[in-house]
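This is what each chain is made of:
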Amino acid sequence: MLILDEEPVELLASYYPLEITRGTAMTERRKNKGGTPTLLADLGHPPRLSVDRVSARVPTQEQFIALELPSNLPVLRTLRVVYSDDDRPIEASVMVKAGHLYELRYEFTPPGEA
């Protein structure tokens, strides 16, 4: 759970392939220097592409309670899949954010303009 100004603002669950993470610091319940992208890269699986799918929805009862929502406000749910070399998925994360506390911003570069 992400806390901001002593208020819960995001729930997070991340999943990693066991064949990559077994026996590493990623299986321990602690913060790792550089975070999971650094650990994955050190294990030979550098993040190359992240794909987010964002939706707004009514919170579950558990999300409503955990995020201490003030009323029946929507939540933003993001499913993020991170890929490494050869399009191999190396991380899947589900983030649920209190919808009234976030604004999404996207920037796109037209093809051939990068």
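Scroll up a little and you will see the structure.
Below or above, wherever it landed, is the structure these notes cover. These numbers come from a predicted model, not from an experiment. (Residues numbered from 1 in each chain as written. Predicted model: local features only at pLDDT ≥ 70, side-chain atom pairs only at ≥ 80, totals over all residues. Heavy atoms only, no water.)

Some words on the overall build of the protein
Here is step 1: Scanning the protein from terminus to terminus reveals three helices and five strands.
Here is step 2: In the protein, the succession of α and β elements from N to C terminus is β-β-α-α-β-α-β-β.
Here is step 3: Across its three principal axes, the protein shows a C-alpha extent of roughly 45 × 45 × 25 Å.
Here is step 4: Taking all 114 residues of the protein together, the buried fraction comes to 29%. (Helix = DSSP H or I, 4+ residues; strand = E, 2+ residues; numbered from the N terminus. Buried < 20%, exposed > 50% of the residue type's maximum accessible area, 1.4 Å probe, protein only.)

A few points about the layout of surface pockets
Here is step 1: Taken as a whole, the largest pocket holds about 510 Å³ of empty space.
Here is step 2: Considering the residues around the largest pocket, the lining is formed by Leu12, Ala13, Ser14, Tyr16, Met26, Glu28, Arg29, Arg30, Lys31, Asn32, Gly35 and Thr36.
Here is step 3: Secondary structure elements with two or more residues in the lining of the largest pocket: β2 (7-15) and α2 (35-42).
Here is step 4: Per-element accounting of the lining of the largest pocket gives the leading share, three residues, to β2.
Here is step 5: Among the residues forming the lining of the largest pocket, the class breakdown is four nonpolar, four polar and four charged.
Here is step 6: Approximately 220 Å³ is the volume attributed to the second largest pocket.
Here is step 7: Sorting elements by how many residues they give to the lining of the second largest pocket places strand β4 (residues 75-83) first, with three residues.
Here is step 8: Here the residues of the lining of the second largest pocket are counted per class, giving five nonpolar, one polar and four charged. (1 Å grid on protein atoms, 1.4 Å probe; cavity = no way out; pocket = protein on both sides within 12 Å on 5 of 7 lines; lining within 4 Å. Points joined across faces, edges and corners; volume = space filled by probe spheres on them. Nonpolar A, V, L, I, M, F, W, Y, C, P; charged D, E, K, R; others polar.)

With respect to a negative patch on the surface
Here is step 1: A cluster of acidic side chains, namely Asp5, Glu6, Glu7 and Glu68, defines a negative patch on the protein surface.
Here is step 2: The residue glutamate 68 is located in the loop between α3 (61-66) and β4 in this model. (Patch = residues over 30% accessible without salt bridge, like charges linked within 9 Å, V, L, I, M, F, W, Y side chains within 5 Å. Areas by Shrake-Rupley, 256 points an atom, 1.4 Å probe, with all protein chains shown as cover. Salt bridge = Lys/Arg side-chain N within 4 Å of Asp/Glu carboxyl O. Lys, Arg positive; Asp, Glu negative; His and termini not counted. Charge placed at Lys NZ, Arg CZ, Asp CG, Glu CD.)

A few points about the pattern of salt bridges
Here is step 1: For the structure on display, the rule yields five salt bridges.
Here is step 2: Between lysine 97 and glutamate 10 there is a salt bridge, with the nearest N and O atoms lying 2.9 Å from each other. Placement of lysine 97 in strand β5 (residues 89-98) and of glutamate 10 in strand β2 is noted, with a sequence separation of 87 residues between them.
Here is step 3: Lysine 97 sits in the buried class, given a relative accessible area of 10%.
Here is step 4: The partner of glutamate 107 in a salt bridge is arginine 105, and the shortest N-O contact between them spans 2.2 Å. For the residue pair glutamate 107 and arginine 105, the accessibility class agrees, reading exposed in each case.

Section: the side chain of serine 84
Here is step 1: For serine 84, the position within the fold is in the loop between β4 and β5.
Here is step 2: Sequence-distant contacts of serine 84, defined by excluding residues within four places in its chain, comprise His45, Pro46, Arg48 and Ile90. (Contact = heavy atoms within 4.5 Å.)

Comments concerning unusual backbone geometry
Here is step 1: In this structure, aspartate 86 takes a positive phi of about 60 degrees despite not being glycine.
Here is step 2: Following the sequence through the fold, aspartate 86 ends up in the loop between β4 and β5.
Here is step 3: Located in the positive-phi region is aspartate 87, a residue other than glycine, with phi close to 60 degrees.
Here is step 4: With respect to the helices, strands and loops of the structure, aspartate 87 is situated in the loop between β4 and β5.
Here is step 5: Using a relative accessible area of 62% as the deciding quantity, one classes aspartate 87 as exposed.

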